[in-house]
Amino acid sequence: MHRLLRAATVVTLLLGWQHPGFGDTLTLESVIARAQQRSTSAALARNRFRASYWQFRTSAVAFQPTLTLQATTVDFGRTISKLSSPDGTEAFVPQSSSTSGFSLSMSKVIRTTGGEVFPETALERLDELDHATAPSYLAHPVRFGLRQPLFAFNPHRWQERIEPIRYEEARRQYLEDLEGIGTAAAQSFFDLLAARDRLRVAGANGADAETLHVRTIKRRKAGRASEEDLVETELGQLNARLELQQAELDAAARLRAFRSYLGDRDTSAVDLDLALEAPDVNVDAATAVAFARAHRSDALALERRKLEAERDVADARAAGGMNASLVASYGRSQTTGDLHDIFPARPGVRPGQPYAAGPDPDWGRAQAHAKVADSNHDVTLISIEQSRADLDQDVVTKVDRVQRAARAHPASPSVPTRWRSATTKPSPALPRGPGGSRECQPRPCAKDLARRNHVEALRGYWTSYLELRRATLFDFMAGPRHRARRPGLVTRARASVPPADPCRTLSLSPSRRDGGRRGRAR
């Protein structure tokens, strides 16, 4: 008779129901924080953000000066040249030489114009191996140069404008990923809570069915129950056992999934602590849309797409134009046989050498490419406007869900007390009326059903609110002082790693200033 009761008690003890102090006690807020810090999804999000960070650093390094060193240790050469003598005869004369040298230069890209400036120093030595002569030197101690395209496309200027936006977009996407992880953790939290509630109800129903079957056997022996009543209670007992076994499997699977998502390899039981009252949050649709436009990564993605379309148009138009550039240098040059005389008295000036080339006849191909780029730009602008409208509508829909979930949730101050008492008091005993066994069939407890509906209403409320918080990156409960960090667009690379939990200031705990009480659902 008591086998089912003992089995149900052991299972509930292993799953952490009977003793709140056994294992961890996790609230919804702590579950979300743990998932954002320790889950596999959070680790993947951090690594994606780090990859975006180093990609931004790589693009920023392209604007830094580049140092180039070239050296030739020994280069032996032997040539046979045809030379003309003073008497008019010609002869082939072999020549053997050895050269060595080095050059050191530094180049710096000019972002605004796309040109390049470079200082350079070089030294070269020549040894004639066929003649016993001293070596000669060609030296460029100091030389400054400029290479400037005049009508070419300047990718550096567009890169300087787009890459900071791309990095800020990745940072906001990282925050949104963390909020999405919090939403999934909340769903897992409520799934485990619902599975344990079904297990508790199944255990109580199994105990009632066992007691009912024993009483029916006694009534059958006393002649007050029929064989049909006995068979019916026995079938009810078997169904209760099957329901309990299924509830045990479901609760164990939910616990494993819950632990796995949190990145916890521990197999001990956990206690779930849920506040049965939901905080009163006033969310205005216009305010939420404004926060979404200011904080969301999709808003920056629209701006980035617009700049990329303008860049493609500028590239297509410059490809079919005139190609012209200016090269100029100023410095010192000297040829000497003594290494101490490599610095000349006067600097050698190389005037600017303009170079220009007209566009090749392509029979209108470049113009066609420019027109295609213009058309793609117009299509992108139309798509951006539609995406912006869809973004606003998505936020308005999420605000409506939060408001509907808040209205569906009971707001009476006595609700947490009634539901908390339902979790601590046992189910009512079976009736002992003088009638047959049909009057003593197990039936769902009204308090259990009410508690289950209440928890499901809380699930809908918190899920809707967390989705809204992800869409706006703003905590409407904590207010502006605890909103997600929103620094300005990054203009230079910073040698820092992403924080482990940038949303740690977001709080889900209901305010205690109004004297509200917390109920525990385990």
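For the structure, see preceding data.
This is a predicted model, so every value here is computed, not measured. (Residues numbered from 1 in each chain as written. Predicted model: local features only at pLDDT ≥ 70, side-chain atom pairs only at ≥ 80, totals over all residues. Heavy atoms only, no water.)

With that settled, consider the packing of aromatic side chains. Overall, the coordinates contain 11 aromatic pairs when judged by the stated rule. Note on Phe 291 and Phe 476: the rings are 6.0 Å apart at their centroids and 80 degrees apart in plane angle, and the pair reads as edge-to-face. Pair noted here: Phe 291 is in helix α6 (residues 285-295) and Phe 476 is in the segment after α10 (446-472), with a separation of 185 residues, a long-range link. With a relative accessible area of 16%, Phe 291 lands in the buried category. Geometrically, the ring pair formed by Tyr 461 and Trp 462 is edge-to-face, given 5.5 Å between the ring centres and 80 degrees between the ring planes. Note on accessibility: Tyr 461 and Trp 462 belong to one class, buried. (Phe/Tyr/Trp six-rings, centres within 6.5 Å; stacked < 30°, edge-to-face > 60°. Helix = DSSP H or I, 4+ residues; strand = E, 2+ residues; numbered from the N terminus. Buried < 20%, exposed > 50% of the residue type's maximum accessible area, 1.4 Å probe, protein only.)

As a further point, take empty space enclosed by the protein. Under the definition given, this model contains two cavities of 30 Å³ or more. In this structure, the largest cavity occupies an estimated 40 Å³ of space. Along the walls of the largest cavity sit Leu 193, Ala 194, Asp 197, Arg 451, Arg 452, Val 455 and Glu 456, which together make up its complete lining. Elements with a minimum of two residues in the lining of the largest cavity: α4 (155-222) and α10. If you tally residues by element for the lining of the largest cavity, the top one is α10, at four residues. Broken down by class, the residue content of the lining of the largest cavity amounts to three nonpolar, no polar and four charged. (1 Å grid on protein atoms, 1.4 Å probe; cavity = no way out; pocket = protein on both sides within 12 Å on 5 of 7 lines; lining within 4 Å. Points joined across faces, edges and corners; volume = space filled by probe spheres on them. Nonpolar A, V, L, I, M, F, W, Y, C, P; charged D, E, K, R; others polar.)

Within the secondary structure, Phe 144 sits in strand β5 (residues 136-149). The exposure class assigned to Phe 144 is partly exposed, which follows from its relative accessible area of 47%. On a C-alpha basis, the gap between Phe 144 and Val 117 in space is 7.4 Å, while along the polypeptide they are 27 residues apart. Once residues within four sequence positions are removed from consideration, Phe 144 is found in contact with Phe 118, Pro 119, Ala 328, Ser 329 and Tyr 330. (Contact = heavy atoms within 4.5 Å.)

Judged from the 17 bridges that link them, strand β2 (residues 66-84) and strand β3 (residues 90-109) form a sheet pairing that is antiparallel. Bridge pairing in β3 places Thr 79 opposite Gln 95. (Pairing = 2+ DSSP bridges.)

This part covers the nonpolar core. Grouped together as the largest cluster of nonpolar side chains are 49 residues, with contacts concentrated most on Phe 189, Phe 190, Phe 258, Val 395, Leu 468 and Phe 476. Counting residues per element, the ones that place at least two in this core are α2 (28-38), α3 (40-61), α4, α5 (227-261), β6 (270-273), α6, α8 (365-408) and α10. Broken down by element, this core gets its largest block of residues, 11 residues, from α4. Those residues in contact with Phe 189, other than ones at most four positions away along the chain, are Leu 26, Thr 27, Leu 28, Val 31, Phe 258, Leu 272, Asp 273 and Leu 274. (Core = buried A, V, L, I, M, F, W, Y, C linked by side-chain atoms within 4.5 Å.)

What follows concerns the packing of α8 against α10. Between α8 and α10, the least distance of the axes is 9 Å, while the angle of their chain directions is 155 degrees. Judged by the angle between their axes, α8 and α10 are roughly antiparallel. For the pair α8 and α10, the sense of crossing is left-handed. On the side of α8, the interface is formed by Val 395, Lys 398, Val 399, Arg 401, Val 402, Ala 405 and Ala 406, while α10 contributes Gly 460, Tyr 461, Ser 464, Tyr 465, Glu 467, Leu 468, Ala 471 and Thr 472. The residue inventory of the contact of α8 with α10, partitioned by class, reads nine nonpolar, three polar and three charged. (Axes fitted to C-alpha atoms, helices over the stretch in contact; angles between N-to-C directions. Parallel < 35°, antiparallel > 145°, perpendicular 65-115°, else oblique. Left-handed = near helix turned anticlockwise from the far one by under 90°.)

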